[in-house]
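# Structural overview for review
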Amino acid sequence: MSVAPNRPASWTGRVRETVVEALPPEKLLPDGQPTYVASWIYVFGVASIASLIVIVGSGTILSLKGPAWWHDTGVGHFFNSIHLWAVELFFFAMVVHLWGKYWMAAWRGGRVRVWITGAVTFLVAIPTALTGYVSQQNFDAQWIATQAKDGLNSVGVGAFFNVTNFGQMYSFHVLLLPMAVIGLVSAHVLLVRRHGVVPPFDLETRLAQLGAAEPGSSGASNDAPGERP
Amino acid sequence: MSHGSVVGAVFNLDHPAHVVEWHFIQLSVANLVVIGLMFVVFAAAILLPFPGAAGRRGEDS
């Protein structure tokens, strides 16, 4: 790849220009959105992010205070429940958002990476939650861990994920997997900002195109307004 | 059962989970209720008009 003559000589300058080109401020923090963004489906996307913030906040407090606190004190129980129910809401809202985007074919118009980051976030969030179940430090965690051990061994990954190893599962739960989820959600939001929200199927254009197939009719574009082919 | 847990529990949870089994599929009733709720909320999210959306579309046309 050749460097344009006006490109900055320093790598920091080139990174800055690349970032600003990909996401200029008016795209990163827009004043408004197209009318078709006024839909409940996007409320569930935002609800997922709000739940994630509560999950990280309550999880941080739980990790600071420790198992004796979250098992044996009233305030500890409260934050334990906040953490659990924020996870329930996170998955609930994320699944509704995911279903909506699937039926909208949200990968249209060069938005494949937007779709992929959202779908992979869902997949990575599952082991993030399951490692939380085995990190509770109680009989429930022991029961789940011994059941999950057999399941993981049966598919041949028991050597990599030892669910009876509390230290490993706790590290996965409080650091590695949350970092992956937060990274994926951040990438997802930035990609939505870059490519814009997918427009609805342009039914009128499609009907006109169907009409064009008949003799004597005029043709029309197949793509929704603002979409890349 | 302590006084606090009597006040806290709306439903009696002091029993094994009710489970629905169909061949190799085994789901707790609680999970089935959540899955059903997701379908209901999804349908509502598609069908219910978003507040102010009609006005915004009217302004654009």
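Residue positions are given per chain, counting from 1 as you read along its sequence in written order. All chains are assigned letters beginning at A, and all ligands numbers beginning at 1, according to the order in which they are written. The model is predicted, so local features are restricted to residues of pLDDT at least 70 and side-chain atom pairs to those at 80 or more, both for listing and for counting; the totals for chains, interfaces and linings are taken over all residues.

## A look at the overall build of chain B
Stated formally: Strands here are runs of E lasting at least two residues and helices are runs of H or I lasting at least four, both read from the DSSP assignment and numbered beginning at the N terminus. Buried, partly exposed and exposed are defined by the number of other C-beta atoms within 10 Å of a residue's own C-beta, namely 20 or more, between the two limits, and 12 or fewer respectively, with C-beta atoms placed from the backbone.
Within chain B, the regular secondary structure consists of three helices and two strands. Going residue by residue from the N terminus, the α and β elements of chain B occur as α-β-β-α-α. Burial statistics for chain B: of 61 residues in total, 2% are counted as buried.

## Describing the pairing of strand β2 (residues 25–28) of chain B
Residues and elements named next belong to chain B. Going by this rule: Strand pairing follows a simple DSSP-based rule, namely that at least 2 bridges must link the two strands.
Examined bridge by bridge, strand β1 (residues 19–22) and β2 share four bridges and lie antiparallel to one another. Across the sheet, Val19 pairs through a bridge with Ser28, a residue of β2. Hairpin connection, β1 to β2: the antiparallel pair is bridged by two residues, and His23 has positive phi, about 55°.

## Re the packing of helix α5 (residues 74–103) of chain A against helix α6 (residues 112–133) of chain A
Residue and element names in this part refer to chain A. What counts, and what does not: Where helices are involved, their axes are fitted lines through C-alpha atoms of the stretch in contact, as for all axes, and angles between N-to-C directions lie from 0 to 180°. The scheme is simple: roughly parallel for angles under 35 degrees, roughly antiparallel for over 145, roughly perpendicular for 65 to 115, oblique for anything else. Left-handed describes a crossing whose near helix is turned anticlockwise from the far helix through less than a right angle; right-handed describes the clockwise counterpart. Whether two residues are in contact depends on their C-beta atoms, placed from the backbone: they are in contact if these lie within 7 Å. The residue classification treats Ala, Val, Leu, Ile, Met, Phe, Trp, Tyr, Cys and Pro as nonpolar and Asp, Glu, Lys and Arg as charged. All others, Gly included, are polar.
Between α5 and α6, whose axes approach to 11 Å, the crossing angle comes to 150°. In terms of axis orientation, α5 runs roughly antiparallel to α6. Crossing hand, α5 versus α6: left-handed. Here Val87, Phe91, Met94, Leu98 and Lys101 of α5 lie close against α6, whose contacting residues are Trp115, Gly118, Phe122, Ala125 and Ala129. Considering only residue class, the contact of α5 with α6 consists of eight nonpolar, one polar and one charged.

## Some remarks on α5 of chain A
Residues and elements named next belong to chain A. Heads up, the rule is: One less than the number of residues in a helix, times 1.5 Å, gives the span that helix is expected to have.
In this model α5 runs 44 Å from its N-terminal to its C-terminal C-alpha over 30 residues, within 8% of the 44 Å that 1.5 Å per residue would give. Along α5, the positions that sit buried rather than exposed are Asn80, His83, Val87, Phe90, Ala93, Met94, Val96, His97, Leu98 and Lys101. One or two residues past the end of α5 sits Ala105, with phi positive at roughly 50°.

## Description of the domain arrangement of chain A
Residues and elements named next belong to chain A. We count it as follows: Domain ranges listed in this record stem from an automatic or a database domain assignment.
As assigned here, chain A comprises domain 1 (39–90) and domain 2 (105–198). A straight line from the C-alpha centre of domain 1 to that of domain 2 covers 16 Å. Mapped onto the side of domain 1 that touches domain 2, the elements with two or more residues apiece are α3 (40–65) and α4 (67–72). At five residues, the largest contribution of residues to the side of domain 1 that touches domain 2 is made by α3.

## Brief notes about the nonpolar core
Across soluble globular proteins, nonpolar side chains show a tendency to be buried alongside one another. Residue and element names in this part refer to chain A. Let me state the cut-off plainly: The nonpolar core criterion groups buried Ala, Val, Leu, Ile, Met, Phe, Trp, Tyr and Cys residues into a set whenever they are joined through C-beta atoms within 7 Å.
Judged by nonpolar contacts, the single largest core of 22 residues is most densely connected at Phe44, Phe90, Ala93 and Val181. Split by domain, this core shows at least three residues from each of two domains, domain 1 (39–90) and domain 2 (105–198). If sequence neighbours within four positions are ignored, Phe90 has contacts with Ser48, Ser51, Leu52 and Ile55. Listed in part, the five residues of the second largest apolar core include Ala106, Val114, Leu191 and Val197.

## What about unusual backbone geometry?
Phi is positive for Ala105 of chain A, which is not a glycine, with a value near 50°. Considering the arrangement of structural elements, one finds Ala105 of chain A in the loop between α5 and α6. Ala105 of chain A sits in the exposed class, given 12 other C-beta atoms within 10 Å. Residues other than glycine seldom take positive phi values, yet His23 of chain B does so here, at roughly 55°. Its location among the elements puts His23 of chain B in the loop between β1 and β2. Exposure remark for His23 of chain B: the 5 C-beta atoms within 10 Å place this residue in the exposed category.

## Overview of the interface of chain A and chain B
On the side of chain B, eleven residues touch chain A, which itself brings eleven residues to the contact. Those elements that place two or more of their residues in the side of chain A that touches chain B are α3 and α5 of chain A. For the side of chain A that touches chain B, the residue count by class is eight nonpolar, three polar and no charged.

## Regarding the environment of Ser48 of chain A
All names here are of chain A. Residue position: Ser48 is located in helix α3. For the pair Ser48 and Lys27, spaced 21 residues apart in the sequence, the C-alpha separation amounts to 22 Å. What Ser48 contacts, discounting residues up to four positions off in sequence, is Phe90, Ala93, Met94 and His97.

## Some thoughts on helix α7 (residues 139–154) of chain A
Residue and element names in this part refer to chain A. Helix length check: α7 (16 residues) gives 23 Å between terminal C-alpha atoms against 22 Å at 1.5 Å per residue, within 8%. The buried fraction of α7 amounts to one of the 16 residues, a small share that puts the element mostly on the outside. Backbone geometry just after α7 places Gly156 at a positive phi near 85°.

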